[in-house]
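# Geometric and topological summary
Given next are the chains, with one letter for each unit.
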Amino acid sequence: MRGRSPPDSEPVARGPSAIIDRMFDVLVYLYETYWRPDACPDAAQLHRKLSAVGFERDDIRDALNWLDGLAAAAQSVGEQTQAHSLRVYTTDELAQLGPASIEFISFLASAGVLPPPMREVVLDRAMAIEGGPVDLEDLKIIVLMVFWSLGEEPDALILDELFVAPEERLIH
C-alpha cells in the first residue's frame, strides 16, 4: 500500500498523476487512521489534522471532495441491480479504467465480494478521478475506500488481493 503519511522532505511533484497520487496518499492515511468514516472528526477539524501531519491544502481538499462524492454515490445506489446482471462498460469507462482494472473489478464481482451496487460505487469514484486511466493500485484503494465508507471490512483474502503484490504471496 502507499505510504501512510506525507513525506517530510520530498520535493512536491507536479503534474496530474502526481496530484492524484498525493490525493490517494491522503485517502490511505484516512483509512489507516480512522476505523470508519463516522470516526473522522468534522471536516474543518479533519482538514486541520491532515494539514498538521504534513498534507498540502490542495491534496486535502481534493481527497475530502472525493470522499463527499463517495458518500453521495453510496447513498444514491440502491439494490436495483440484480445479482446476476451483466455489466456492460461504456467507452468512457473502458478508457478511464483500462483492461487491468476492468479485469480486477470482474474478478471481485465473480468472487462474490463486490456486489453490483458496490461495483457501481467503485465505478462512479473511479470515473471521478481526473487525468486519464486509473492505475490498478489506485483502483484497489478505491475499492477499499468503498468498503470503508459503507462500514464493511473486506475479508482477509480480499485484503490480501488488494495489498499484497502477487510475487510476495505465499501459496499454501
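Shown above is the structure to which this text applies.
Cut-offs used in this document
- Residues numbered from 1 in each chain as written.
- Predicted model: local features only at pLDDT ≥ 70, side-chain atom pairs only at ≥ 80, totals over all residues.
- Heavy atoms only, no water.
- Axes fitted to C-alpha atoms, helices over the stretch in contact; angles between N-to-C directions.
- Helix = DSSP H or I, 4+ residues; strand = E, 2+ residues; numbered from the N terminus.
- Left-handed = near helix turned anticlockwise from the far one by under 90°.
- Contact = heavy atoms within 4.5 Å.
- Nonpolar A, V, L, I, M, F, W, Y, C, P; charged D, E, K, R; others polar.
- Buried < 20%, exposed > 50% of the residue type's maximum accessible area, 1.4 Å probe, protein only.
- Polar contact = N/O pair within 3.5 Å; in protein donor to acceptor, adjacent residues only side chain to side chain.
- Core = buried A, V, L, I, M, F, W, Y, C linked by side-chain atoms within 4.5 Å.
- Expected span 1.5 Å × (residues − 1).

The next subject is the packing of helix H4 (residues 91-110) against helix H6 (residues 136-149). Between H4 and H6, the least distance of the axes is 9 Å, while the angle of their chain directions is 35°. Our pair here, H4 against H6, has a crossing hand that is right-handed. Mapping the contact onto sequence places Leu97, Ala100, Ser101, Phe104, Ile105 and Leu108 in H4 and Leu136, Leu139, Lys140 and Val143 in H6. Grouping the constituent residues of the contact of H4 with H6 by class yields 8 nonpolar, 1 polar and 1 charged.

Turning to the environment of Asp62, a few remarks are in order. Mapped onto the secondary structure, Asp62 falls in helix H3 (residues 57-76). Residue classification places Asp62 among the partly exposed positions, given a relative accessible area of 22%. For the pair Asp62 and Ile20, spaced 42 residues apart in sequence, the C-alpha to C-alpha distance is 8.7 Å.

The subject of this paragraph is the side chain of Ser101. Within the element layout of this structure, Ser101 appears in helix H4. Overall, Ser101 belongs to the buried group, its relative accessible area being 1%. Looking at Ser101, its side chain comes within polar contact range of the main-chain oxygen of Leu97, at 3.2 Å. Not counting residues up to four positions away in its chain, the partners in contact with Ser101 are Val134, Asp135, Leu136 and Leu139.

Before going further, it helps to spend a moment on the nonpolar core. Trp66, Leu67, Ile142 and Met145 are the most contacted members of the largest nonpolar core, which totals 46 residues. Residue assignment for this core shows that the elements contributing at least two residues are helix H1 (16-33), helix H2 (43-52), H3, H4, helix H5 (116-127) and H6. Setting aside chain neighbours within four positions, we find Met145 in contact with Leu27, Tyr31, Trp66, Leu67 and Leu70.

Given a rise of 1.5 Å per residue, 14 residues ought to cover 20 Å, and the 20 Å separating the end C-alpha atoms of H6 matches this to within 8%. Buried residues dominate H6, accounting for 11 of its 14 residues. Of the residues making up H6, those classed as buried are Asp138, Leu139, Lys140, Ile141, Ile142, Val143, Leu144, Met145, Val146, Phe147 and Trp148. Capping the start of H6, Asp135 holds a side-chain oxygen 3.0 Å from the backbone nitrogen of Glu137, two or three residues further along. Just beyond H6, the residue with positive phi is Gly151, at close to 70°.

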